[in-house]
Structure formats: C-alpha cells, structure tokens
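# Working through the structure, step by step
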Amino acid sequence: MNETEKLVKNIVKGIQDKKGSGIVVADLSNIDGTICKYFVICQGNSPQQVEAIAGSVSDYVRETTGEKPVNCVGLGNAVWVAMDYVDVLVHIFLPETRSYYDLEHLWEDAKLEKVPDIA
C-alpha cells in the first residue's frame, strides 16, 4: 500500500469516526488530466455534522500521518466542505448538495468504491 492509499484509508476512518455516511472513494489515478489521484466523497445530515466530519478528518490524518490539508473551504456555511490533501480531495456534503453536484458521476471513467456505513 502506497502513501496515498494510506492517506485515503485514514481519511475514511476520520469520516467514520463522526458517522459520516455514503462514503465513496473515486480512483482517478488512471485518468489523464485529473487534478488529483482520489476523491473521497461523503455526507453529513446537518451543517454541524459536516463541520464535525471535517474536523475529525483533519485531526485523524494529522495524528496518524502528520499531514495537514493544503486548503479547506466551505466551513462557513457547511453545505459542502472541500479539503485538499494534494493527491486526495475530500468532499463532505449535505445530502441535497451532494445530489445536486453528483461528483461520483462527474468522472464517469473513475473506479468507484463504496464504503459501507458504520451503524
């Protein structure tokens, strides 16, 4: 497992820690012209949960790998928070916003892995 794959796994654990749901990992590594290697997409049920998930991802990744996001936008309104880890972009949505932008299908050639929700 390479460093980017470890980063993805740690991001997923950070999401799961705050009960983020609908986690999808989109592998963009074999697609020309992409801005990163992976998208990690999930949702929270309220703006507060979206913010909590973002905080959890940031904390968990920093504690396990020492990495911090290069940028994090969207915390002000918390309907869509994007965290940039260079090779991995994390997208945390409210359900309606996620449905509207439908990022999972934006890159239709990407290999999608759905991560089961934790009860």
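Up top is the structure these notes are about.
Residues numbered from 1 in each chain as written. Predicted model: local features only at pLDDT ≥ 70, side-chain atom pairs only at ≥ 80, totals over all residues. Heavy atoms only, no water.

## Regarding the side chain of Thr97
Tracing the sequence through the fold places Thr97 in helix α3 (residues 95-101). Classification of Thr97 by relative accessible area gives buried; the value is 15%. Filtering out sequence-adjacent residues up to four positions away, Thr97 remains in contact with Val79 and Trp80. (Helix = DSSP H or I, 4+ residues; strand = E, 2+ residues; numbered from the N terminus. Buried < 20%, exposed > 50% of the residue type's maximum accessible area, 1.4 Å probe, protein only. Contact = heavy atoms within 4.5 Å.)

## What to know about the side chain of Asn10
Inspection of the secondary structure puts Asn10 in helix α1 (residues 3-17). Look past the residues within four positions of Asn10 in its chain and what remains in contact with it is Tyr60, Val61, Thr64 and Thr65.

## A look at the packing of α1 against helix α2 (residues 47-65)
It is at 8 Å that the axes of α1 and α2 come closest, and there the two elements cross at 135°. With respect to α2, the axis of α1 lies oblique. Here the hand of the crossing between α1 and α2 comes out right-handed. The segment α1 lies against α2, with Leu7, Asn10, Ile11, Lys13, Gly14, Ile15 and Asp17 engaging Ile53, Ser56, Val57, Tyr60, Val61, Thr64 and Thr65. Taken together, the residues of the contact of α1 with α2 sort by class into 7 nonpolar, 5 polar and 2 charged. (Axes fitted to C-alpha atoms, helices over the stretch in contact; angles between N-to-C directions. Parallel < 35°, antiparallel > 145°, perpendicular 65-115°, else oblique. Left-handed = near helix turned anticlockwise from the far one by under 90°. Nonpolar A, V, L, I, M, F, W, Y, C, P; charged D, E, K, R; others polar.)

## Here's the deal with the packing of aromatic side chains
Applying the stated criterion to the full structure yields 3 aromatic pairs. Seen in terms of ring centroids, Trp80 and Phe93 are 4.8 Å apart; in terms of plane orientation they differ by 35°. Their pairing is tilted. Remark: Phe93 occurs in strand β5 (residues 88-93) and Trp80 occurs in strand β4 (residues 80-84); sequence separation between them is 13 residues. On the basis of relative accessibility, which here comes to 26%, the residue Trp80 falls in the partly exposed class. Look at Tyr100 and Tyr101: their rings are 4.9 Å apart centre to centre, the planes differ by 85°, and that puts the pair in the edge-to-face class. The class of Tyr100 is exposed, set by a relative accessible area of 65%. A relative accessible area of 41% places Tyr101 in the partly exposed class. Grouping aromatic residues by their ring pairs yields a cluster made of Trp80, Phe93, Tyr100 and Tyr101. (Phe/Tyr/Trp six-rings, centres within 6.5 Å; stacked < 30°, edge-to-face > 60°.)

Nothing here speaks to function; it is all geometry.
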